[in-house]
Amino acid sequence: MSRQGLARAGAVAVLAVVASAGYLFLQHNGRDRAVAATAGQIAIPVSAAPAEKKDVPVYVRGIGTVQALNTAVIKTRVDGTIIKVSFQEGQEVKEGDPLFQIDPRPFQAALDQASANRAKTEAQLIGAQLDLDRYDKTSSMGYEPRQLRDDQRARVDALKGTIAADEAAMQTARLNLLYADIRAPFDGRTGTRLVDVGNLVQASQATSLVSITQIKPIYVNFAVPQDVNDEVRRRQATGPPLAVIAYGGKDRELAQGKLSVIDNQIETATGTLRLKGTFENADERLWPGQFVNVRLQVTTRTDAITVPQRAVMQGPNGYFCYVLRADGTAERRQVELGPVQDGVAVIDRGVAAGEKVVIDGQFRLSDGAPTRPIGPPLSAPSPTPTGGNATRAAPKG
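Residues numbered from 1 in each chain as written. Predicted model: local features only at pLDDT ≥ 70, side-chain atom pairs only at ≥ 80, totals over all residues. Heavy atoms only, no water.

## A word on the pattern of salt bridges
In a structure, side chains of opposite charge can pair up when their charged atoms sit close to one another. Overall, the coordinates contain 19 salt bridges when judged by the stated rule. As a salt-bridge pair, R183 and D181 come within 2.9 Å of each other at their nearest N and O atoms. A relative accessible area of 22% means that D181 is categorised as partly exposed. The shortest N-O distance in the salt bridge between R189 and E284 comes to 3.0 Å. Here the residue R189 occupies a position in strand 7 (residues 188-190), and E284 occupies one in the loop between strand 12 (272-279) and strand 13 (291-308), the gap between them amounting to 95 residues. Sharing partners across several salt bridges, the network here consists of R325, E331, R333, E355 and D367. (Salt bridge = Lys/Arg side-chain N within 4 Å of Asp/Glu carboxyl O. Buried < 20%, exposed > 50% of the residue type's maximum accessible area, 1.4 Å probe, protein only. Helix = DSSP H or I, 4+ residues; strand = E, 2+ residues; numbered from the N terminus.)

## What about the nonpolar core?
The biggest cluster of nonpolar side chains holds 23 residues, and the ones touching the most others in it are V220, F222, L259, F279, L286, V292 and L296. Element by element, the count of residues in this core is highest for strand 9 (residues 208-225), at five residues. Counting residues in each nonpolar core, the second largest holds 19 residues, with F100, I102, I182 and V195 among its members. (Core = buried A, V, L, I, M, F, W, Y, C linked by side-chain atoms within 4.5 Å.)

## Structural notes on the sheet that holds strand 5 (residues 98-102)
The strand order across the open sheet built from four strands is 6-5-3-8, with neighbouring strands paired in antiparallel fashion. Edge positions in the open sheet fall to strand 6 (181-183) and strand 8 (200-201), since each of these has one partner strand only. As defined by bridge partners, strand 3 (residues 80-85) adjoins strand 5 across three bridges and the pair is classed as antiparallel. Pairing of I82 across the sheet is with I102, part of strand 5. (Pairing = 2+ DSSP bridges.)

No statement about biological role is implied by the geometric values presented.
Below, the structure is given as structure tokens:
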């Protein structure tokens, strides 16, 4: 064979080796890249999810503070020494349960003395009344001067007044005796005991003995932007009480309640409306003084077009997403974005139900680019019926 033939044979062998290596390379990477037969472009692997019609609750969010339904700081109304404590710190108590006992003996002695004085005065009144009856008869017959009769009548009236004063002293002694037995004013939970047995307490010093808070039910005070004032008041007035959800750290739901109070004015300094929700708090997950995130369900969007939040991006001309055409190419679609919450975005205009939107791989796309879906079709996550974000979350861009 001539040198020219050998050169040609070698070139063919080299081309065969290169073609074989290229085939093996394409076969090895076939899961990630493919050649688009029609356009001659590389198909971009993407994940897609269909747009779906769903009922989406719309929330407004705020920060709230838990407030006890009733709070009382127990203080003494009489002076004396504490001789008994009838509760444990942090104990649940019922209305009327005993808390403290102040030495009742001085008040019992005062009651006995007032009672004895009244009995003495009543006996004097009986004698004075008999004398007055005799003076009435003798003075009318001219045997006694009328001045003596009048003086006796004044004495009788004075004794009646003394009896009334004795009765008041008895009532005061009874009250002091009652105040010496300190009891719970309502159902609640006791706090830290501030005074121990044996201590002398005085009403004039206003010494706190213990505090009681009623936490079943319980309030949550929170504020929302003034922009929702009209809608909140209208829906609260025309329908059932609006739902309020309290959340702890990491969006952990604590309790669900109802809107109970709408403030009568807007805070001019902050431009917010003060609201109050009532929670049954049977499991005591809400505690007085606790800070919580609050979400107020204002309304529900029925049959709203929803897509996963990560499908929506923001560009210089507004929000957009990529929709897959029937031929597998991507279409850049401008959309009008509605509420975004719990990973779900409501599309007011731009996407129809059933259309597939790209949720992964869209950063490599352009309008008309060929795509290759990977993985099973994903559905848009359902909005949590007890959670959400009232503010419009910033989509990816």
